[in-house]
Amino acid sequence: SDSLKRDLPLSDKKNRQVINKKYQSVVSILEDLDQWTEKQVSTIPEENRWIVSKHKAMEYYGDAFGLKNYSLLDFLGHSSSLRPRSISSLIGELRNNNIKVLFPEQKPPSKLIRNLSRQTSIPLASKPIYVDGLMPKGNTISVLVYNTCTIVNSLGGLCDKNKGQSLDQKWAGLY
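Here the structure is a predicted model, which means the values were calculated and not measured.

1. Observations concerning the nonpolar core
Counting residues in each nonpolar core, the largest one holds 25 residues, and the members touching the most others are Tyr61, Phe103 and Ile151. Where this core is concerned, the elements lending two or more residues are α2 (13-41), α3 (58-65), α7 (140-154) and α8 (161-172). Top element by residues in this core is α7. It accounts for 5 residues. Each residue touching Tyr61, except ones within four places of it in the same chain, is listed here: Thr37, Val41, Ile51, Leu67, Leu144, Thr148 and Ile151. One finds Trp50, Val52, Leu94 and Ile113 within the second-largest nonpolar core, a separate group that totals 14 residues.

2. Remarks on α8
Over its 12 residues, α8 runs 16 Å from end to end, which matches the ideal 16 Å to within 8%, given 1.5 Å per residue. Along α8, the positions that sit buried rather than exposed are Gly164, Leu167, Asp168 and Trp171. Down the axis of α8, the buried set is contained in an arc of 100°. They therefore lie on one face. Along α8, the residues that are exposed and aim more than 90 degrees away from the buried face are Asn162 and Gln169. Residues of α8 that are buried sit in contact with α2 and α7.

3. Considering the packing of aromatic side chains
Taken as a whole and assessed by the stated rule, the structure comprises 3 aromatic pairs. With a centroid separation of 5.1 Å and an interplanar angle of 15°, the aromatic rings of Trp50 and Tyr70 are classed as stacked. Taken together, the residues Trp50 in strand β1 (residues 50-53) and Tyr70 in strand β2 (residues 68-71) connect sequence positions 20 residues apart. Accessibility classification places Trp50 together with Tyr70 in one group, the buried group. Ring centres 5.1 Å apart and planes at 55° place the aromatic pair Tyr61 and Phe65 in the tilted group. Here Tyr61 pairs with Phe65, and both are found in helix α3, just 4 residues apart, close to one helical turn. Judged by its relative accessible area of 14%, Phe65 is buried.

4. Notes on the state of the cysteines
As enumerated under the stated definition, the model contains 1 disulfide in all. Across a sulfur-sulfur distance of 2.1 Å, Cys149 and Cys159 are joined as a disulfide pair. Judged by the sign of its S-S torsion, about -60°, the cystine formed by Cys149 and Cys159 is left-handed. On the criterion of sequence distance, the pair formed by Cys149 in helix α7 and Cys159 in the loop between α7 and α8 is long-range, its members being 10 residues apart. The two residues Cys149 and Cys159 agree in class, both being buried.

5. A few points about the pairing of β1
Covered by surrounding structure in β1 are Trp50 and Val52 together with Ile51 and Ser53, the residues of both alternating faces. As defined by bridge partners, β1 adjoins β2 across 4 bridges and the pair is classed as parallel. Bridged to Trp50 within β2 is Lys68. In this fold, the crossover linking β1 to β2 by way of α3 has right-handed handedness.

The rules behind each value
Residues numbered from 1 in each chain as written. Predicted model: local features only at pLDDT ≥ 70, side-chain atom pairs only at ≥ 80, totals over all residues. Heavy atoms only, no water. Core = buried A, V, L, I, M, F, W, Y, C linked by side-chain atoms within 4.5 Å. Buried < 20%, exposed > 50% of the residue type's maximum accessible area, 1.4 Å probe, protein only. Helix = DSSP H or I, 4+ residues; strand = E, 2+ residues; numbered from the N terminus. Contact = heavy atoms within 4.5 Å. Expected span 1.5 Å × (residues − 1). Arc of directions from axis to C-beta. Phe/Tyr/Trp six-rings, centres within 6.5 Å; stacked < 30°, edge-to-face > 60°. Disulfide = S-S within 2.5 Å. Pairing = 2+ DSSP bridges. Right-handed = clockwise from strand over helix to strand, strands pointing away.

Rendered as C-alpha cells:
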C-alpha cells in the first residue's frame, strides 16, 4: 500500500483511503486464513501429522502449521536413477513413522509415489495437492483452502471447507 500511495499526490485523499481500506481487508483475510488453517490442522491426530510428497514447497506449509515433512526428492536425491539403498531407507523411514498417506501432486500420480505406495501399503491421498500455483483454477486463497482440506481430511482430521470457501469469497470480493 505504501508503494501505491507513493505514486499518488498527497491531495488524492479519496484514492489513498481506498488503498488503505483494501490493505486492511487483505491483512484481515490473511490473518483469518492463518487462524482457520491452524484450527483445521489441530483436528489431525498428533501421530498422523506427516506430509509426504515429492515437493519441498510443502515443508513451508508444514513448518508454518506444525506438520512434519518428507520431501521425497530431497530424501532420495535428484538423480533420475534412484538407488535401491535409498529407496529401502525411505521405505524404512515411512514405516517407522507410521505414515498414513502419501500425497501425489499430479493426476495420475508419479511413478515414484505409486511405487512407494505399493511397496509400503501406504495409500495415496484421494486428491492431489497443488504446489507452485499449478491448480487449474483459483487463487492463493483457494489453493490453500483446497490443500488444507485435502491434507486434514486425508490425515484423519475434519476440515471446515465452508468456512475456508467463505474466506476465498471475501478474497475474490477484493478485486
